[in-house]
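Structure assessment
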Amino acid sequence: MRLGERPLGFIVNFLLGVAWAFVLIGVTTSFFSFYGTSILSAIIYALIGALPGMVAVLLLEYIITSKEQYEELRKQTQLLEKLLAAQEQKNT
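Everything quoted here is computed from the prediction, not taken from an experiment.

Quick notes on the rules
- Residues numbered from 1 in each chain as written.
- Predicted model: local features only at pLDDT ≥ 70, side-chain atom pairs only at ≥ 80, totals over all residues.
- Heavy atoms only, no water.
- Helix = DSSP H or I, 4+ residues; strand = E, 2+ residues; numbered from the N terminus.
- Buried < 20%, exposed > 50% of the residue type's maximum accessible area, 1.4 Å probe, protein only.
- Expected span 1.5 Å × (residues − 1).
- Bend = angle between axes of the 7 residues up to and from the residue.
- Contact = heavy atoms within 4.5 Å.
- Core = buried A, V, L, I, M, F, W, Y, C linked by side-chain atoms within 4.5 Å.

Across its full length, the protein holds two helices and zero strands. Along the longest, intermediate and shortest principal axes, the C-alpha atoms of the protein span 80 × 25 × 15 Å. Across the 92 residues that make up the protein, the buried fraction comes to 18%.

Before going further, it helps to examine helix α2 (residues 39-91). The first and last C-alpha atoms of α2 sit 74 Å apart over 53 residues, in line with the 78 Å expected at 1.5 Å per residue. Most pronounced at Leu 51, the bend in α2 amounts to some 40°, and the proline Pro 52 follows within four residues. Every buried residue of α2 is accounted for by Ser 41, Ala 42, Ala 46, Gly 49, Ala 50, Gly 53, Val 57, Leu 60 and Ile 64. The secondary structure elements touched by the buried residues of α2 are α1 (6-33).

With that settled, the discussion passes to the nonpolar core. By size, the foremost hydrophobic cluster in this structure holds eight residues: Val 12, Leu 16, Ala 19, Val 23, Ala 50, Val 57, Leu 60 and Ile 64. Listed by contribution, the elements that provide at least two residues to this core are α1 and α2. In contact with Ala 19, not counting residues within four places along its chain, are Gly 53, Ala 56, Val 57 and Leu 60.

All quantities given are derived from atomic positions and should not be read as evidence of function.
Below you can see the structure in the form of structure tokens.
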């Protein structure tokens, strides 16, 4: 789990797994539905069937990345505040 918070990390990772399942289901059902017409149309419709799940995966990955970036910025801010306080004590 990439997120440190237990409830939020569990929910986001669960939804990420569900989104990947939708990708797999969309690809397989679309491919086998149009396999009888031609292999090229089956591949094209399989890619189209994967799009909703891939959008969900991208959205959840964006949420995870934003949360990780926010946490890293918080750590950097705390370190900079400590350095500033140490610099002020040194100058006085």
